[in-house]
Amino acid sequence: MACQTSMASKIGFGGEERSVAACTPMETKGRLVDEPSSPTRTDFQRDRDRIVHSTAFRRLKHKTQVFIYHEGDHFRTRLTHTIEVAQIARAIARALRLNEDLAEALALAHDLGHTPFGHAGEDGLDHMMSPYGGFEHNAQTLRLVTDLERRYAAFDGLNLSWETLEGIVKHNGPLLTPEGTPTKRYEKHGVPEAIKLYNARHDLHLGGHASLEAQAAAIADDIAYNAHDIDDALRGGVFQLEHLNDVPLAGEILVEVRKKYPNLDRTRTTHELIRRLITRMIEDVIHTATANIEKSGVQSVSDVRAYGETLVRFSKAMGNAERGIKRFLFDRMYHTAELLRVRINAELMVADLFERYFEEPAEMSNDWANDIASISDDEPARARQVCDYVAGMTDRFAVQEHRRLFDVTPDLR
């Protein structure tokens, strides 16, 4: 059954009127494996709870956001980032009268497939997996929630609802053009194999746009990433407040804060900057999305998927400012000599681990080693199994394993 709504059922969440284009759990497309409904929770609430209780979610505590895990206790990890994204996604969904539970579930799941050592680990695994279809963290998230999590007697994975799986896969938008060819993001390597294989069993409509709830979770990720990376960089001394003077939006907010609180200390000035930056971006998305939805005339989630463009987005001015912030962060943070050195060492560590496990699967934990023994003659399957094992590692465990297996371990400090 299509995840769409009718004017006759406009009252939904908490007794408030909801958008006609909001997803409703009563009209979900269902799960791959049928299950009895819960008497106390909606389908999207169950999805959220299953994600929170998953092993992959707990591992996010010890996976890097940008700084490595032993730089300090106050820098963000994948877990703290994920919680912040969920808060922003719920705020946007509430204002747009969407399903908050679905938006939250998608936000909580969006980074489950990330490797140790942030994007450096992803690049390292993608390189090692290039002969076998590559590595992409959204595809890995799908593998986790549809296969690798082994918690339930009746099925592998978490058996999430169709709408949640769709939002996970389309975190960056449609994967196929209307003509059926890969979109720009996937034109080089094609749609990841894990997504194609699952889609053949449970069609996620890869050529359509995701729900408004999924769009809210995706832009919440951008808002959190930009604001909180500035916060971590200031805390770590990568750059100073003064370096933000000419950065779009951030510089304007600094002027406001200094004018209103001329004697405010640097710590509180930073917090005030980040708070206002997040608020300004959220409010821009809400105003822009409200206007876009009204102008589009969409009356159902089916209309949203078929509309042809993202509706929950920044205004043109805010989009330009957000890109300016990203450029600044790339120049002054992500591409600094120190961080590039750490990235190179992290990529080497991931490559070392992959090679060793691929050649000597017995070095993996017993369950994984036993699984590989049954597919030892299938090289692509063995490679994917090793990839799953390495991708699931925390930063700390990856370092420990490298020290156990190799005489010299790169310095990540």
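Here the structure is a predicted model, which is why all the values come from computation and not from measurement.

Here's the deal with the overall build of the protein
On a plain count of helices and strands, the protein comes out with 17 helices and 0 strands. Relative to the globule expectation of 22 Å for 413 residues, the C-alpha radius of gyration of the protein, 22 Å, shows essentially globular dimensions. With the principal axes as the frame, the protein shows a C-alpha extent of 55 × 55 × 40 Å. Within the span of the protein, comprising 413 residues, buried residues form 55% of the whole. By element, 49% of the accessible surface of the protein is carried by carbon and sulfur atoms, the whole surface being about 19000 Å². For the protein, the centre of its 52 positive side-chain charges and the centre of its 64 negative side-chain charges are spaced 5 Å apart.

A few points about helix α3 (residues 78–95)
Under the 1.5 Å per step criterion, the end-to-end length of α3 is 26 Å for 18 residues, consistent within 8% with the ideal 26 Å. For α3, the complete set of buried residues consists of R78, L79, H81, T82, V85, A86, I88, A89, A91, I92 and A93. Buried residues belonging to α3 abut α2 (55–59), α4 (100–109), α5 (118–128), α9 (212–236) and α11 (266–296). Two residues or fewer past α3, R97 is found with a positive phi of approximately 60°.

Some details on the environment of G118
Assignment of secondary structure puts G118 in helix α5. Considering only alpha carbons, one finds G118 and Q240, 122 residues apart in sequence, at a separation of 24 Å. When near neighbours in sequence (up to four residues on either side) are disregarded, G118 contacts T64, Q65 and R78.

A few points about the nonpolar core
In this structure, I92, I230, L244 and L273 are the most contacted members of the largest nonpolar core, which totals 90 residues. At 13 residues, the largest contribution of residues to this core is made by α9. If we ignore the near neighbours within four places in the chain, the residues touching I230 are F239, L244, L273, I274, L277, I325 and L329.

Some remarks on the packing of helix α6 (residues 137–148) against helix α7 (residues 162–169)
Helix-helix packing: each pair is described by the crossing angle between the helix axes and the interaxial distance. With their axes 9 Å apart at the nearest point, α6 and α7 run at an angle of 155° to one another. Compared by their axis directions, α6 and α7 come out roughly antiparallel. Here N138, T141, L142, V145 and T146 of α6 come into contact with α7, specifically with L165, I168 and V169. Residues that form the contact of α6 with α7 fall into these classes: 5 nonpolar, 3 polar and no charged.

Looking at α4
Within α4, 10 of the 10 residues are buried, leaving the element largely enclosed by the surrounding structure. For α4, every residue scored as buried is listed here: E100, D101, L102, A103, E104, A105, L106, A107, L108 and A109. Tucked into the core, α4 has its buried residues touching α1 (43–52), α2, α3, α6, α7 and α9. Residue N99 occupies the N-cap position of α4, its side-chain oxygen lying 3.0 Å from the main-chain nitrogen of D101.

Observations regarding the packing of aromatic side chains
Going through the model one piece at a time under the given rule, you end up with 7 aromatic pairs. Seen in terms of ring centroids, F354 and F358 are 6.0 Å apart; in terms of plane orientation they differ by 10°. Their pairing is stacked. Taken together, the residues span about one helical turn, with F354 and F358 both in helix α14 (residues 337–359) at a distance of 4 residues. For F358, a relative accessible area of 11% corresponds to the buried category. When the centroid spacing of 5.2 Å and the interplanar angle of 80° are considered together, the rings of Y357 and Y389 count as edge-to-face. Of this pair, Y357 sits in helix α14 while Y389 is found in helix α16 (residues 379–391), placing the two residues 32 residues apart along the sequence. A connected cluster of aromatic rings, assembled from ring pairs, spans Y132, F354 and F358. Between the NZ or CZ atom of K29 and the centre of the ring of W162, over which it lies, the distance is 4.9 Å. When the ring centre of F406 is taken as origin, the NZ or CZ atom of R356, which lies over that ring, is 4.5 Å away.

A short note on the environment of E360
Relative to the helices and strands, E360 resides in the loop between α14 and α15 (366–373). Taking the C-alpha atoms as reference, E360 lies 30 Å from R78; in sequence the two are 282 residues apart.

A word on the packing of α9 against helix α13 (residues 316–334)
Here α9 crosses α13 at 40°, and the two axes come no closer than 11 Å. Taken as axis vectors, α9 and α13 run oblique relative to one another. At the point where α9 passes α13, the crossing takes the left-handed sense. On α13, the residues touching D222, Y225, N226, D229, I230 and A233 of α9 are E322, I325, K326, L329, M333 and Y334. Residues that form the contact of α9 with α13 fall into these classes: 7 nonpolar, 1 polar and 4 charged.

Details of a negative patch on the surface
Side chains of E355, E359, D377, D378 and E379 sit close together on the surface and give a patch of like negative charge. Mapping E355 onto the fold places it in helix α14.

As for the confidence of the model for the protein
Mean pLDDT over the protein stands at 91; residues scoring 70 or higher make up 94%. A low-confidence stretch, residues 1–15 stays under pLDDT 50, and its non-local contacts, those more than four residues away or across chains, total 43 contacts.

Structural notes on unusual backbone geometry
Even without glycine at this site, R97 takes up a positive phi of about 60°. Along the chain, R97 turns up in the loop between α3 and α4. When its relative accessible area of 37% is taken as the criterion, R97 is described as partly exposed. For F117, which is not glycine, the phi torsion reads 65° and is therefore positive. Assignment of secondary structure puts F117 in the loop between α4 and α5.

Conventions we followed
- Residues numbered from 1 in each chain as written.
- Predicted model: local features only at pLDDT ≥ 70, side-chain atom pairs only at ≥ 80, totals over all residues.
- Heavy atoms only, no water.
- Helix = DSSP H or I, 4+ residues; strand = E, 2+ residues; numbered from the N terminus.
- Rg over C-alpha atoms; globule rule 2.2 N^0.38 Å.
- Buried < 20%, exposed > 50% of the residue type's maximum accessible area, 1.4 Å probe, protein only.
- Areas by Shrake-Rupley, 256 points an atom, 1.4 Å probe, with all protein chains shown as cover.
- Lys, Arg positive; Asp, Glu negative; His and termini not counted.
- Charge placed at Lys NZ, Arg CZ, Asp CG, Glu CD.
- Expected span 1.5 Å × (residues − 1).
- Contact = heavy atoms within 4.5 Å.
- Core = buried A, V, L, I, M, F, W, Y, C linked by side-chain atoms within 4.5 Å.
- Axes fitted to C-alpha atoms, helices over the stretch in contact; angles between N-to-C directions.
- Parallel < 35°, antiparallel > 145°, perpendicular 65-115°, else oblique.
- Nonpolar A, V, L, I, M, F, W, Y, C, P; charged D, E, K, R; others polar.
- Polar contact = N/O pair within 3.5 Å; in protein donor to acceptor, adjacent residues only side chain to side chain.
- Phe/Tyr/Trp six-rings, centres within 6.5 Å; stacked < 30°, edge-to-face > 60°.
- Lys NZ or Arg CZ within 6 Å of the ring centre and 35° of its normal.
- Left-handed = near helix turned anticlockwise from the far one by under 90°.
- Patch = residues over 30% accessible without salt bridge, like charges linked within 9 Å, V, L, I, M, F, W, Y side chains within 5 Å.
- Salt bridge = Lys/Arg side-chain N within 4 Å of Asp/Glu carboxyl O.
- pLDDT = per-residue confidence, 0-100.

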